[in-house]
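# Tertiary structure, described
Next come the chains, spelled out residue by residue.
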Amino acid sequence: MEIENALPKTFDSEGAENKWYDVWLKNQCFKPRSGKQNKTFTVLMPPPNVTGKLHMGHALDATTQDALIRYKRMKGFETLWIPGTDHAGISTQSVVEKLVWKQEKKTRHDLGRDEFVRRVWEWKEQYGNEIVNQQMKMGVSADWDYATFTLDEIPNKAVKKFFVMLFNEGLIYQSDYIVNWDPSLQSAISDAEVEHKEVKGFFYHLKYLVKEEPGTELIVATTRPETIYGDTAVAVNPNDERFKDLIGKTAIIPICNREVPIIGDEHVDMEKGTGCLKVTPGHDFNDFEIGKRNSLAIINILNKDGTFNTNAPEIKGMKPKDARAEVERILIELDKLVEKKEHIHPVGHGERSDEIIEPMISKQWFLKTTEMADDAVRAVENGEMTFYPKGWENTYFSWLRNPKDWCISRQLWWGHQIPVYYCKNCNAKWAAEETPDECIECKGSDLFQDPDVLDTWFSSGLWPLSTLGWPDENAMKAKGFKKFYPNSTLVTGFDIIFFWVARMMMMGMKVTNKAPFRDVYIHAIVRDKQGRKMSKSLGNGIDPLELIKQYGADAMRFTLAAGSGYNRDLNLDPERIEGYRNFVNKLWNAFRFIHPYLEKAKEDLPTKSEWHLHDNWILAELNTVAKKMNESMDLYRYDEACSEIYQFVYEKFCSWYIELSKNILYGQDEKAKVIRATMLKFCFRKIVILLHPITPFITEEIWAHLEDGKSLLIGQEYVEFDPALGNADVQILMNKFIEVTSGVRNIRSSVNLKPKDEIDVRLFTDDPKLAKFLYDSRHFLKDLANVKSGTIRKKASSRPKKSASLATSHTEIFIPLEGLIDINEQINRIKKDMEKTQSEYKKVEAKINNANFMQNAPTEVVTEVREKAQGFMDKLASLNEILSSFQ
RNA sequence: GGGCGUUUAGCUCAGCUGGGAGAGCGCUACCCUUACAAGGUAGAUGUCGGGGGUUCAAACCCCUCAACGCCCACCA
């Protein structure tokens, strides 16, 4: 027979998700509102790329931040979560380039810059918000009115203002310098965007002649023979006895027969290769430095697309791979190739394009970061900003303590164009925030702007400022810059500590002298079950939207939160999501149980004198959980918070408190019914409040039933520790009761009693408080273990013979079943337990007998050990009694 | 080459400033008991990577070795 229940048996996650997100939006629940803390709490969302599709990394980002934001909001902080999207220069440009090519067979050059940029904007308007809609699916409670796009007017102003400021300070300069050139993008990229990969290549040993000493040959080792066209020296270590005498003489480069000096330079490693290094200052970072030290000429042998130019006549127009083969052929023909052997070496690849990076000289804009990096380091050293977990500060330091000038110009069209202007008439060059009409020098009007755009991270670095309106005063006022800057916590992944965190620190401090945030919580990287990175090529990616569809957003959020602590990897096993989906459903069904009794429940708790011991207990447990959850959330230990509430809901609340409530709710005592219904409702309120930051949808749904739709959960006060609710005595007694109940069930199971078989139980304990508790709870024992009758006596009393039995440290349990059970099996069971207890007792006994322990250990520990020893002794005595009852 | 991290039950992981080895999933047995079979009850499972050391006491602190992973630097 099933009780009629208005609620469905399983929780409808999709329905709740759609319903509540709209309600929250309509009620402006995500807007900052001053609360009892009288403080603000600001989080800046790492802006996803407009080209992005939601992946598990975003899902984790969203979950950890949203849980934090909801938690702080409920704690009474004036809470602001600022969302936004990033224009993602390279990636967006190439998406649109490909699209234009596919649809019209035109390149961006065919369209021209203005038209192409217009097309990108068009694309952005149409598709760039997809990821935002996906974030909403997960319950992201950001204030969308603050949503900012990195190319919006304010960020653009910020970029210009900052650029001009630093340009005028002399921190931004233009220089011919060797940069990482990406031939497929035909743009420079920064050091941080280069990824080194192990590549199988060859080590070539080449023969160079020495002009002054006919007959002497130098053997030069190289992995790139095709670059000999750019060689302007041969270098040896000045301390190398083998070649000392050759320094100052002249080497003749094979094929092109150029004469170059033989120089001595400390950089050359005598052990590596042959000890002779060909120097190509135009296409190698180290060689560039050697060239500077020795005033060597620089020869550029590459075109922008990575093919060879006329400086390398034999391989002109070829790509590096073909060129190498051709050069190798010629070398063999000229008998200059001495040796060629396999060699695995790291080669730089473009992070986005995955193309081999060619070091090349070109004119680029650089930002001197030395001082800014210093300040950024100091802010963490002196605690103005703190990393959670702390270990990540090492990564941060290692980058910022060894700062290199940052190449900020990109040869792209999509992005913030560099605000530098040139006069065609007098060659003047200056930076300006507003587009100038005339030359600052000659007043001429034939001007043009630098065609390059800025590195995407340049605008991202200003994100904490520009999202709050900087540098526009009206916008700053409207957005509350003063109130919300600096931000409270930044949540992000460790992969962008250099790219983003370090740059925001440098730039934010440069402008405001304050670190842009107090805490940086670095979350894990989501990997597959086996710990592999999720990637398209492996096909092991998990789509968060699929998970939401299948298990619900709450279950996915709980899974991600439960996996987020101070770990650096989060290996996601889909089975875990199923487990937490079950948890969400468990909560739903617990609520279904109390739902019919809600009408009986009073608004306020009854006076304490009317509380049942079980009420006392559950409130004390709930209180403990609230305390731990607050502590965990404050330290970004989502994993701990989740495990606390999970444990409480499943074990304490559902398995015991609800089970213990059935007797009352199904009974005739109307007053007791009202009290229990009130208690259950009270507990449920607290539970959904505690859970709401992690699983917002189901909790809001339940809240609507609890409160009859009169209020929204999202705006409720979080549960804090309440010293008045603590009750250690009851918790101890209840734990003993649970132990006894489980003991009875254990015995039942060991003698294969069916659940329907009623039993008689004899309990023996010398603890009078416990005896009373057990007596008061006798009806409950009946419900929980189908006990028909029983007695509670002191241990001095005689035991029933040949019973199925069990002992705890405080109580002996006998179920008289003489003749129905296998005596030997029972005896064996008891003996096994004795052995186990004996060995445990021995451990503590050894401590007690150890004078050093008694002397040195803290008194609490000694007391604890003594109590344990007593417990084991009592249990052993009981087990002995049981054994003798079989005689 | 420099640095960081990981190694605990079959799997994924907790275990905080040292004080009787934990959770979830999986597994075994029994059970459709009136919230829930996406469930209940009971149960089994560990040389805490190896070796030293400090300590009355080590999964935890120190040294060392090993395996795996990540970051940085480096196209001889």
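Every chain's residues receive numbers from 1 upward, in the order its sequence appears when written. Starting at A for chains and at 1 for ligands, labels are handed out in the order in which the entities are written. Predicted model: local features are reported for residues with pLDDT of at least 70 only, side-chain atom pairs are reported and counted for 80 or more only, and whole-chain, interface and lining totals are derived from all residues. Each side-chain value is derived from all of the structure's non-hydrogen atoms; neither hydrogens nor water enter the calculation.

Numbered from the N terminus, helices here are DSSP runs of H or I no shorter than four residues, and strands are runs of E no shorter than two. If you tally the helices and strands in chain A, you get 29 helices and 29 strands. Our radius of gyration looks at C-alpha atoms and nothing else; its globule reference is 2.2 Å times the residue count to the power 0.38. Against the 2.2 N^0.38 benchmark of 29 Å for 887 residues, chain A shows a C-alpha radius of gyration of 37 Å, more extended than a compact globule. Counting only C-alpha atoms and orienting by the principal axes, one finds that chain A spans roughly 115 × 65 × 55 Å. Buried, partly exposed and exposed residues are distinguished by accessible area as a fraction of the type maximum, computed with a 1.4 Å probe on protein chains only: under 20%, between the cut-offs, and over 50%, respectively. Here chain A, with 887 residues, has 54% of them falling under the buried criterion. Taking the intrachain contacts of chain A between residues at least 6 apart in sequence as the baseline, contacts between residues at least 24 apart amount to 77%. Side-chain charges of chain A comprise 120 positive and 130 negative groups, with the mean position of each set lying 5 Å from the other. Contacts between residues were defined by any pair of non-hydrogen atoms, one from each residue, lying within 4.5 Å. The charged-residue count follows a simple rule in which Lys and Arg add positive charge and Asp and Glu add negative charge, with His and chain termini not counted at all. Where a charge lies is defined by one atom per residue type: Lys uses NZ, Arg uses CZ, Asp uses CG and Glu uses CD.

Attention shifts here to the pattern of salt bridges. Salt bridge, as used here, is a side-chain nitrogen of Lys or Arg placed within 4 Å of a carboxyl oxygen of Asp or Glu. A full pass over the atoms with the stated rule returns 62 salt bridges. Of the charged contacts in the structure, one is a salt bridge between Lys19 and Glu701, with a shortest N-O distance of 3.1 Å. Residue Lys19 is located in helix α1 (residues 13-26), and its partner Glu701 is located in helix α23 (residues 696-706); the two are separated by 682 residues in the primary sequence. Of the residues examined, Glu701 reaches a relative accessible area of 11% and is grouped as buried. In this structure, Lys53 and Glu130 form a salt bridge, with 3.8 Å as the shortest nitrogen-oxygen distance. Separated by 77 residues along the polypeptide, Lys53 in the loop between β1 (40-44) and α2 (56-75) and Glu130 in helix α6 (residues 130-137) bring together distant segments of the chain. Residue class for Lys53 comes out exposed when judged on its relative accessible area of 51%. Beyond isolated ion pairs, a larger network of salt bridges with shared partners links Glu104, Glu115, Arg118, Arg119 and Glu122.

It is worth spelling out the protein's contact with RNA strand B at this point. Every one of the 68 residues lining RNA strand B counts as a neighbour, but Phe203, Asn571, Arg581, Tyr666 and Phe872 are closest to it. The criterion for a residue being near a molecule or strand is simple. One of its heavy atoms has to lie within 4 Å of it. Close to the protein, within 4 Å, the atoms of RNA strand B belong to sugar or phosphate groups at a rate of 58%. Any pair of N or O atoms that falls within 3.5 Å is considered a polar contact. Within protein, one atom must be able to donate a hydrogen and the other to accept it, and sequence-neighbouring residues count only if both atoms are side-chain atoms. In this structure, a sugar or linking oxygen belonging to RNA strand B sits 3.0 Å away from a side-chain N or O atom of Thr223. The contact in question runs from a sugar or linking oxygen of RNA strand B to an N or O atom on the side chain of Asn589, over 2.8 Å. Sort the elements by how many residues they give to the surface near RNA strand B and helix α19 (residues 574-594) lands first, with 10 residues. Of the residues in the surface near RNA strand B, the class split is 25 nonpolar, 22 polar and 21 charged. Three categories are distinguished: nonpolar for Ala, Val, Leu, Ile, Met, Phe, Trp, Tyr, Cys and Pro, charged for Asp, Glu, Lys and Arg, and polar for the others, with Gly belonging to the last.

Any two strands with at least two DSSP-identified bridges between them are counted as paired. With antiparallel pairing, the four strands of this open sheet are ordered in space as β6-β5-β14-β16. At either end of the open sheet lies a strand with only one pairing partner, and these are β6 (187-189) and β16 (406-407). Note that strand β5 (residues 172-182) and strand β14 (residues 358-367) share 10 bridges and pair antiparallel. Residue pairing for β14: Asn180 is matched across the bridge by Pro359. To get an axis, fit a line to the C-alpha atoms, keeping to the stretch in contact for a helix; angles then go from 0 to 180 degrees between the N-to-C directions. Along the sheet face, helix α8 (residues 285-293) touches β5 and β14 and points at about 140 degrees away from the line of β5.

Another point: the sheet that holds strand β18 (residues 420-423). Taken in spatial order, the three strands make up an open sheet running β19-β18-β20, and their pairing is antiparallel. Unpaired on one side and paired on the other, β19 (429-431) and β20 (447-449) mark the two borders of the sheet. For this sheet the average axis-to-axis angle between neighbouring strands, irrespective of direction, equals 25 degrees. Where β18 lies against β20, three bridges are found, and the strand directions are antiparallel. Paired with Tyr422 across the strands is Phe448, a residue of β20. Relative to the sheet, helix α7 (residues 153-168) contacts β18 and β19, its axis offset from that of β19 by approximately 130 degrees.

What follows deals with the packing of aromatic side chains. Two rings belonging to Phe, Tyr or Trp (six-membered ring only in the last case) form a pair when the distance between their centres is within 6.5 Å. Interplanar angles under 30 degrees mark stacking, angles over 60 mark edge-to-face geometry, and anything in between is tilted. This structure, assessed with the given rule, holds 48 aromatic pairs. Both rings, one in Trp123 and one in Tyr127, keep their centres 5.6 Å apart while their planes meet at 40 degrees; by these two values the pair is tilted. Placement of both Trp123 and Tyr127 in helix α5 (residues 113-127) is noted, with a separation of four residues, approximately one turn of the helix. Exposure remark for Tyr127: the relative accessible area of 38% places this residue in the partly exposed category. Among the aromatic residues, ring-to-ring pairing joins Phe11, Trp588, Phe591, Phe648, Phe653, Tyr657 and Phe684 into one connected group. Put simply, a charge is over a ring when the Lys NZ or the Arg CZ is close to the ring centre, within 6 Å, and near the line of the ring normal, within 35 degrees. The side chain of Arg70 reaches across the aromatic face of Trp24, ending 4.3 Å from its centre. Lys124 extends its terminal NZ or CZ atom over the ring of Phe149, reaching a point 4.0 Å from the ring centre.

For the rest of this paragraph, the subject is α1. What a helix is expected to span follows from its residue count: subtract one and scale by 1.5 Å. Here α1 is 14 residues long and its end C-alpha atoms lie 20 Å apart, about the 20 Å a rise of 1.5 Å per residue gives. When we look at burial in α1, the residues that qualify are Ser13, Ala16, Glu17, Trp20, Tyr21 and Trp24. Angularly, the buried residues of α1 cover 115 degrees about the axis, an arc narrow enough to put them on a single face. Taken together, the buried residues of α1 touch α2, α6, α17 (544-551), α18 (553-562) and α23. Once α1 ends, the next one or two residues include Gln28, with phi positive near 55 degrees. Working note: the arc is built from the helix axis to C-beta atom directions.

Now for the packing of α19 against helix α21 (residues 638-665). For the pair α19 and α21, the least separation of the axes is 11 Å and the interaxial angle reads 25 degrees. For the element pair α19 / α21, the angle class is roughly parallel. Crossing angle aside, the handedness with which α19 passes α21 is left-handed. Together, Tyr580, Asn582, Phe583, Lys586, Leu587, Ala590 and Phe593 of α19 and Ile645, Tyr646, Val649, Tyr650, Cys654, Ile658, Lys662 and Leu665 of α21 make up the contact between the two elements. In what follows, roughly perpendicular refers to angles from 65 to 115 degrees, roughly parallel to angles under 35, roughly antiparallel to angles over 145, and oblique to any angle outside these ranges. Put simply, a crossing is left-handed when the front helix is turned counterclockwise from the back one by less than a right angle, and right-handed when it is turned clockwise.

Right, let's get into the environment of Leu876. On the secondary structure map, Leu876 appears in helix α29 (residues 859-885). Given the relative accessible area of 9%, Leu876 is considered buried. On a C-alpha basis, the gap between Leu876 and Gln838 in space is 7.4 Å, while along the polypeptide they are 38 residues apart. Beyond its immediate stretch of four places on either side in the chain, Leu876 contacts Met834, Thr837, Gln838 and Tyr841.

Here we take up the packing of helix α27 (residues 823-848) against α29. Between α27 and α29, the shortest axis-to-axis distance is 9 Å and the interhelical angle comes to 155 degrees. By the criterion of interaxial angle, the relationship of α27 to α29 is roughly antiparallel. Read as a crossing pair, α27 and α29 show a hand that is left-handed. The segment α27 lies against α29, with Ile827, Ile830, Lys831, Asp833, Met834, Thr837, Gln838, Glu840, Tyr841, Val844, Lys847 and Ile848 engaging Val865, Arg866, Lys868, Ala869, Phe872, Met873, Lys875, Leu876, Leu879, Asn880, Ile882 and Leu883. Split by residue class, the contact of α27 with α29 holds 14 nonpolar, three polar and seven charged.

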